[in-house]
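Breakdown of the fold
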Amino acid sequence: MALTVTGLLDEARAAYLWSAQTQRDDGSWPMQTRAGVVEIGDADTNFCAYLATGVLHYVLATDDDDFAVELWPTVRAGIEFVLGCQVGRYGEIGWCANEHGGHGEALLAGCASIYHSLGCAIELAERLADRQPAWAAARRRLGTALRAHPDAFLDKQRYSMDWYYPVLGGAVRGAEAHARIAARWDEFVVPGLGIRCVADAPWATGAETCELALALDTIGDHDRAATLVDDMQHLRETDGSYWTGLVFADGKRWPEERTSWTGAAVILATDAITRGTPANGIFRDHPAAH
């Protein structure tokens, strides 16, 4: 998605085509592959659903419906796999599927992301005249679980992602979203640095900061979204890359790595705030019906 925003369309297409080429027969992908060798064969349901978000983002940016047609079988198979893991009482989805048929516990942040990806998949289906009413029903159940049944998910409230992801993914909007953000703002936000990854650690992380900025953008809180992206620029290296985080208790960057996902989060948040590309509203405006 960040490659698309920055105009590296050939590289973005290659990444999506790689996804199509490496998808397994059941519609999933292995959780971890290194140098073409599968290291963890379990499937992460959020990962498997997220291709729908990426493909819709690419189509919105380029208006290339032919590419959507080409990737549609891959997206559809991934979504069907994920919905096969919707085994929870309230419609929640287990975070992984393993070779023994287990689905793991449901994670609130992961399911909030899947909720958004399902909406993107439904929008693609309508765009390609292949409507999927069963997907819409499954998404409604998942949305209800996210809004009304926090007990359905593994307790990870100390993580900032569980705080803002229901807003970012679109399950929570309007006054409820503003109230949710306000409730833990002081707990997670460190003025001038960004936000904590976990509430009880002095560790500000760039990707989470930019994701919160994206969540704020979805509810019209533009000024604070822009401030957050400005605040995390202390993680920027001279070559333009970004360190993952800063332990502000001792001023040390940790872990000692500059991650692609942090840089990508900066790019997506900046695009949303500046209204830069036609795909800038992928979280704010798409799917059209929340």
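Residues numbered from 1 in each chain as written. Predicted model: local features only at pLDDT ≥ 70, side-chain atom pairs only at ≥ 80, totals over all residues. Heavy atoms only, no water.

**With respect to the overall build of the chain**
Condition: To qualify as a helix, a DSSP run of H or I must reach at least 4 residues; to qualify as a strand, a run of E must reach at least 2; elements of each kind are numbered from the N terminus. Under the scheme applied here, a residue whose accessible area is under 20% of the maximum for its type counts as buried, over 50% as exposed, and between as partly exposed, the area being computed with a 1.4 Å probe on protein chains only. In what follows, a contact means two residues having at least one pair of non-hydrogen atoms within 4.5 Å. Under the convention used here, a 1.4 Å probe and the Shrake-Rupley method define accessible areas, while residue burial counts only the protein chains that appear. His is not counted, nor are the chain ends, whereas Lys and Arg count as positive and Asp and Glu as negative. Charge placement uses NZ in Lys and CZ in Arg. For Asp and Glu, CG and CD serve respectively.
When you go through the chain residue by residue, the secondary structure sums to eleven helices and nine strands. The dimensions of the chain, computed from C-alpha atoms along their principal axes, are 50 × 45 × 40 Å. When burial is assessed residue by residue, the chain has 52% of its 290 residues classed as buried. Summarising the internal contacts of the chain: among those between residues at least 6 apart in sequence, 63% fall at separations of at least 24. Approximately 13,100 Å² of the chain is accessible, and the part contributed by carbon and sulfur atoms is 52%. Distance between charge centres in the chain, computed from 24 positive and 40 negative side chains, equals 4 Å.

**Remarks on the pairing of strand E2 (residues 37-40)**
Here is the rule: When DSSP locates at least two bridges between a pair of strands, those strands are taken to pair.
Bridge count for strand E1 (residues 32-34) against E2 is three bridges, and the pairing is antiparallel. Paired with Thr33 across the bridge in E2 is Val38. Between E1 and E2, which pair antiparallel and follow one another directly, the connecting turn spans two residues, one of which, Ala35, has a positive phi of 55°.

**Focus: the pattern of salt bridges**
Once the charged atoms of two side chains with opposite charge are near each other, the side chains can pair. Basically, it comes down to this: A pair is scored as a salt bridge if a Lys or Arg side-chain nitrogen falls within 4 Å of a carboxyl oxygen belonging to Asp or Glu.
For the structure on display, the rule yields 13 salt bridges. Across the salt bridge formed by Asp239 and Arg258, the nearest N and O atoms sit 3.3 Å from each other. A residue pair is termed long-range when its members are at least 10 positions apart, and Asp239 in the loop between helix H10 (222-231) and strand E8 (245-247) and Arg258 in the loop between strand E9 (252-253) and helix H11 (260-274) qualify at 19 residues.

**Some remarks on the sheet that holds strand E6 (residues 194-196)**
With antiparallel pairing, the five strands of this open sheet are ordered in space as E5-E6-E7-E8-E9. For this open sheet the edge positions go to strand E5 (189-190) and E9, each flanked by a neighbour on one side alone. Sheet topology note: the E8/E9 ladder contains two bridges and is antiparallel. When the bridges of E9 are listed, Leu246 appears paired with Arg253.

**Some details on the nonpolar core**
Note the threshold: In this text, buried Ala, Val, Leu, Ile, Met, Phe, Trp, Tyr and Cys residues form a nonpolar core when linked through side-chain atoms within 4.5 Å.
One finds Val75, Ile79, Leu146, Tyr164, Ile181 and Leu212 to be the most contacted residues of the largest nonpolar core, which totals 86 residues. No other element matches the twelve residues that helix H5 (residues 108-127) contributes to this core. If we skip the residues at most four places from it in the chain, Leu146 touches Leu108, Cys111, Ala112, Tyr115, Phe153 and Ala171. Among the nonpolar cores identified, the runner-up in size contains five residues, and Cys197, Ala201, Trp203 and Val247 belong to it.

**Some remarks on the packing of helix H2 (residues 9-22) against helix H4 (residues 65-83)**
Cut-off, in case you're wondering: A fitted line through C-alpha atoms serves as each axis, taken over the contacting stretch for helices, and the angle formed by two N-to-C directions is quoted from 0 to 180°. Any angle between 65 and 115 degrees counts as roughly perpendicular, while under 35 counts as roughly parallel, over 145 as roughly antiparallel, and the rest as oblique. If you view the pair so one helix is near and one far, a crossing is left-handed when the near helix is turned anticlockwise from the far one by less than a right angle, and right-handed when it is turned clockwise.
Between H2 and H4, the least distance of the axes is 9 Å, while the angle of their chain directions is 30°. By the angle between their directions, the pair H2 and H4 is classed as roughly parallel. Seen along the crossing, H2 lies across H4 with a hand that is left-handed. Contact residues: H2 offers Arg13, Tyr16, Leu17, Ser19 and Ala20, while H4 offers Phe67, Glu70, Leu71 and Thr74.

**Some remarks on unusual backbone geometry**
Here the bond from Trp254 into Pro255 is cis, since omega is -10°, no more than 30 degrees from zero. Residue placement: Pro255 occurs in the loop between E9 and H11. Residue Pro287 follows His286 across a cis peptide bond; omega there is -5°. Residue position: Pro287 is located in the segment after H11.

**So, the state of the cysteines**
Under the convention used in this document: Here, the term disulfide refers to a pair of cysteine sulfur atoms separated by no more than 2.5 Å.
For the structure shown, the criterion picks out zero disulfides. Considering cysteine sulfurs only, Cys48 is the nearest to Cys85, which forms no disulfide, with 7.9 Å between them. A residue is classified by how much of its surface remains accessible, and Cys85, at 2% relative accessible area, is buried. The thiol sulfur of Cys111 is not disulfide-bonded, and the nearest other cysteine sulfur, from Cys85, lies at 10 Å.

**What to know about helix H7 (residues 160-168)**
Given 3.6 residues per helical turn, the α-helix brings residues three or four places apart onto the same face. A large share of H7 lies buried, amounting to eight of its nine residues. Three or more residues of H7 are buried, namely Ser160, Asp162, Trp163, Tyr164, Tyr165, Pro166, Val167 and Leu168. Packed against the buried residues of H7 are H5, helix H8 (174-188), E5, E6 and helix H9 (206-218). Positioned one or two residues after H7, Gly170 has a phi angle of 95°, which is positive.

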